[in-house]
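# Summary of structural features
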Amino acid sequence: MTPETVAFPPHARPDIRALSASRIRVIANAAMGRRDMAAFWFGESDQPTPAFISDAAIASLGRQETFYTQNLGRPALRSAIARYSSALHDIALDDDRIAVVASGDSGLMLTSQMLVSPGDRVVVVTPIWPNIAEMPRIMGADVVRHSLVIENGRWRLDVDRLIADLTPDTRMLIVNSPNNPTGWTIEAEDQAALLAHCRHHGIWILSDDVYERLVFRPGVEVAPSILAIADAEDRLIVVNSFSKAWRMTGWRVGWITAPAAMMGDLAKVIEYNTSCLPDFTQHGAIAAVSDAQSEATVSRFRADLAQSRGLLVDGLKGLGGVEVPEADGAMYAFFRIEGRPDCMALARDLVDQVGLGLAPGSAFGPEGEGWLRWCFAAAPDKIADGLDRLRSFLR
C-alpha cells in the first residue's frame, strides 16, 4: 500500500501530538557545531564535574560495579542525601523519604505519572522550563498557568491571586524556585501561605528545588525550602538534582523527597521507567553530598556565578533599551530588548548575524514572549565576548 492508501496512518496519541517542541532546541539545533558560536542557550556550566566526584565514579567502575541496583537507589546514597538535606534545611529527614532517580527531569515526570490523571487540574507558576508544564499534559491534565509579575523592577509572586487560583478541585500546584528562567525566588512566608491553603483542600505541591544552592543574597547559602516547614506526611513532593550545584548535567542523577507512604508506589513507577540508576554514577553522587570538598566546591561555584552574573546584568543594563528585572537565584538573566517583541526571530537573528546563542523567552510559555534567557554559568571572558556580540548586533 502507498502512504496515501494506509487506512490507519501511524501517529502518537492526541495528548502527545499536541505537545510543543522545545523552542530552545529549535534555536540550538540549527546552530550547534558552528565553531564561531558563543552559546548560552542551555542551563549548564561551562566547567566540567569536579574531579573528586568523577574519581569516585571511576573507582566504582574499577571495582566493576556495573550491575543493577535497587529501584529507589543505593541505601548509602539515600542516607547521604537525607543527611545532606537535613543539615541544609535544619530538619530531621529519614532515609525512607528519599528516592534516587535518573535526573531531576525524570523525577518531575515520575511525579506526574504517580499523581496526575486525565482531566486533573494542575496549576503551574510561570514562566517556567517547558518540560515542567508539559509533563502533566502528557498525562492528560488541564494545566493552568499562573504568571509571575514585575513590580518595582523585580519578579514577584502575587500569592493572594495564586491562592484564588488554587480551587478545591485542583489536583496539584507546581512551583520552581529559584525559577528557570527568571531567577525569581519564593519568600518563606509565601511558602507557608501556600502550604496552609493546599493542606486545607488536599492539593498536592510539587516543588522543583534544583537551583536551591544557587542564590545570591548576601549571607544566604540556600533558597527557602518548603521542606523546612512541612510535615512528613504532607502532600508534598520535592524534586532535586545533582546537575546544577555540582556541575553534573550529563550524569542524569536526581532525587525525590516524598512521604514515606509513597515510596512503595514510587518504586513501581521507577521500575517501569528506568528500573534503577547505574551503580557508578551513584558513587559519584555520594561523593558530591558527602566528600569533605563538597561544600567548598558549591561555594566556589556560587561565587563564580555571582561574578559572571554581575558582569552580565551590568552589561545588559548599560546597553540602553534593555529591561532586566531583579532576581535572587538560578543561573539566568531574563531580559527583553525594546522594539524586538518577536523573540524567536530575534534569537535567530542573533545566531545568524553575530553568532550569539540565547534561548527565546517564548520557550518558557506565552508569558515569555519578547524575552530572552542568557545562562551566565560561564567564565567572565565568555560573558564579555557575548556582550560585545550583542552590542555589535544592536548597533
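Here the structure is a predicted model, which means the values were calculated and not measured. (Residues numbered from 1 in each chain as written. Predicted model: local features only at pLDDT ≥ 70, side-chain atom pairs only at ≥ 80, totals over all residues. Heavy atoms only, no water.)

## As for the overall build of the chain
- Across its full length, the chain carries 13 helices and 15 strands.
- For the chain, the C-alpha radius of gyration of 21 Å lies close to 21 Å, the compact-globule estimate for 395 residues.
- Expressed along its principal axes, the backbone C-alpha trace of the chain runs to roughly 60 × 55 × 55 Å.
- Looking at the chain alone, contacts between residues at least 24 apart form 74% of all its contacts between residues at least 6 apart.
- Put simply, the chain shows about 16800 Å² of open surface, and 51% of that area lies on carbon and sulfur atoms.
- The chain carries 38 positive and 49 negative side-chain charges, and their two centres are separated by 4 Å. (Helix = DSSP H or I, 4+ residues; strand = E, 2+ residues; numbered from the N terminus. Rg over C-alpha atoms; globule rule 2.2 N^0.38 Å. Contact = heavy atoms within 4.5 Å. Areas by Shrake-Rupley, 256 points an atom, 1.4 Å probe, with all protein chains shown as cover. Lys, Arg positive; Asp, Glu negative; His and termini not counted. Charge placed at Lys NZ, Arg CZ, Asp CG, Glu CD.)

## Brief notes about the side chain of Asp208
- Residue placement: Asp208 occurs in strand S8 (residues 204-208).
- Here Asp208 is buried and forms no salt bridge, its nearest opposite-charge partner Lys244 lying at an N-O distance of 9.0 Å.
- Those residues within four positions of Asp208 in sequence are excluded, and the remaining contacts are Leu108, Ile132, Val175, Asn176, Ser177 and Val239. (Buried < 20%, exposed > 50% of the residue type's maximum accessible area, 1.4 Å probe, protein only. Salt bridge = Lys/Arg side-chain N within 4 Å of Asp/Glu carboxyl O.)

## So, the packing of helix H11 (residues 294-317) against helix H13 (residues 380-394)
- At a minimum axis distance of 9 Å, the contact between H11 and H13 shows a crossing angle of 15°. On the basis of the axis angle, H11 is roughly parallel to H13. As for the relative orientation of H11 and H13, their crossing is right-handed in sense. Taken together, the residues of H13 that come into contact with H11 (itself represented by Gln307, Ser308, Leu311, Leu312, Gly315 and Leu316) are Pro380, Ile383, Ala384, Leu387 and Leu390.
- Here the contact of H11 with H13 is composed, by residue class, of eight nonpolar, three polar and no charged. (Axes fitted to C-alpha atoms, helices over the stretch in contact; angles between N-to-C directions. Parallel < 35°, antiparallel > 145°, perpendicular 65-115°, else oblique. Left-handed = near helix turned anticlockwise from the far one by under 90°. Nonpolar A, V, L, I, M, F, W, Y, C, P; charged D, E, K, R; others polar.)

## Regarding the side chain of Ser177
- Of note, Ser177 is situated in the loop between strand S7 (170-176) and helix H8 (188-201).
- Residue class for Ser177 comes out buried when judged on its relative accessible area of 5%.
- Within the structure, the side chain of Ser177 is placed 2.8 Å from the backbone nitrogen of Ile186, a separation counted as a polar contact.
- Non-local contacts of Ser177, meaning those with residues more than four positions away in its chain, are made with Trp184, Thr185, Ile186, Asp208 and Asp209. (Polar contact = N/O pair within 3.5 Å; in protein donor to acceptor, adjacent residues only side chain to side chain.)

## Regarding the sheet that holds strand S11 (residues 322-323)
- Spatially, four strands are ordered S11-S12-S15-S14 in an open sheet, and the strand pairing comes out antiparallel. In this open sheet, the two edge strands, each paired with only one partner strand, are S11 and strand S14 (359-360).
- Pairing of S11 with strand S12 (residues 332-337), which is carried by two bridges, proceeds in the antiparallel orientation. Within S12, the residue paired with Val322 across the bridge is Ile337.
- Where H11 meets the sheet, its contacts fall on S11, S12 and strand S15 (371-375), and the angle it forms with S12 comes to roughly 5°.
- Strands in contact with helix H12 (residues 343-354) are S12, S14 and S15; relative to S15, the strand with the most contacts, it is inclined by about 45°. (Pairing = 2+ DSSP bridges.)

## Quick word on helix H5 (residues 104-115)
- For H5, built from twelve residues, the straight-helix expectation of 16 Å at 1.5 Å per residue is met to within 8% by its first-to-last C-alpha distance of 17 Å.
- Within H5, ten of the twelve residues are buried, leaving the element largely enclosed by the surrounding structure.
- Among the residues of H5, Gly104, Ser106, Gly107, Leu108, Met109, Leu110, Thr111, Ser112, Met114 and Leu115 are the ones counted as buried.
- If you check the start of H5, you find a side-chain oxygen 3.3 Å away from the backbone N of Asp105, and it comes from Ser103. (Expected span 1.5 Å × (residues − 1).)

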